[in-house]
Amino acid sequence: MITIDEARRIIAAGEARANEIGVPVNITVLDAGAHLKAFSRMDGAVLGSIDLAMGKARTAVLFQTTSEAVWEYCKPGAPAHALELSNGGLTPFAGGISLFARDGTVIGAVGVSGGAVPQDLEIAQAAAAAVT
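Criteria and thresholds
Residues numbered from 1 in each chain as written. Predicted model: local features only at pLDDT ≥ 70, side-chain atom pairs only at ≥ 80, totals over all residues. Heavy atoms only, no water. Helix = DSSP H or I, 4+ residues; strand = E, 2+ residues; numbered from the N terminus. Contact = heavy atoms within 4.5 Å. Salt bridge = Lys/Arg side-chain N within 4 Å of Asp/Glu carboxyl O. Core = buried A, V, L, I, M, F, W, Y, C linked by side-chain atoms within 4.5 Å. Buried < 20%, exposed > 50% of the residue type's maximum accessible area, 1.4 Å probe, protein only.

In the nomenclature of an unreviewed UniProt entry, the chain is known as Heme-binding protein of Rhizobium bangladeshense.

Would you take a moment to explain the environment of Ala-45 for this structure?
Of note, Ala-45 is situated in the loop between strand E2 (36–41) and helix H2 (49–63). Spatially, the C-alpha atoms of Ala-45 and Thr-66 are 22 Å apart, while their sequence positions differ by 21 residues. Ignoring sequence-local partners within four residues, the contact set of Ala-45 consists of Pro-24, Val-25 and Asn-26.

Just to check I follow, could you spell out the pattern of salt bridges for this structure?
Within the structure shown, the criterion is met by five salt bridges. What emerges from the salt-bridge pattern is a single network uniting Arg-17, Glu-20 and Glu-122.

What am I meant to see in the nonpolar core here?
Buried together is how nonpolar side chains tend to be arranged in soluble globular proteins. Ile-10, Val-25, Val-29, Leu-99, Val-110 and Val-112 are the most contacted members of the largest nonpolar core, which has 22 residues in total. In contact with Val-112, other than residues within four places in its own chain, are Val-25, Asn-26, Ile-27, Ala-53, Lys-56, Gly-95, Asp-120, Ile-123 and Ala-124. Core analysis: the second largest hydrophobic core is formed by seven residues, Leu-30, Val-61, Val-106 and Ala-109 among them.

Right, dumping it as C-alpha cells:
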C-alpha cells in the first residue's frame, strides 16, 4: 500500500525536478487500484495536462509497467492494436511509471504531464525514485 506520506514525497521529488528544469507540470499519484492518492498542479501547469497525467499513471498501474511500454502492444501492426481504447482509454506515452514496494509488489503509479514528453519522463523518474 502507498501511504499519503509516501505519495507526498513522490510529488515533492517530482516538483523539485520540474523546478530544476523550469517546467511546471501536473503530477498524479495513484494507488495499486488506480485510485487517486495525491495530486499536484504546479503554478502555470497546462490545464489540459491534468487528464494526461492521470491517464499516464492509470496506464502504468493497470499494466504494471511504464506508460510508454504499453504503446509497443497497441501501435499499428502490434499484437493488440487499439489496446489504448480499452479500460476507458489509455495514455500510452512516456510520463507514467509503476511504483513497486521492496518485495516487488505494485503499490501504485506516478504520472506527469505538462512539459515535452521527454521532460515528463525525466520528472516522473525523479518522482518514482522517491519510493522507499
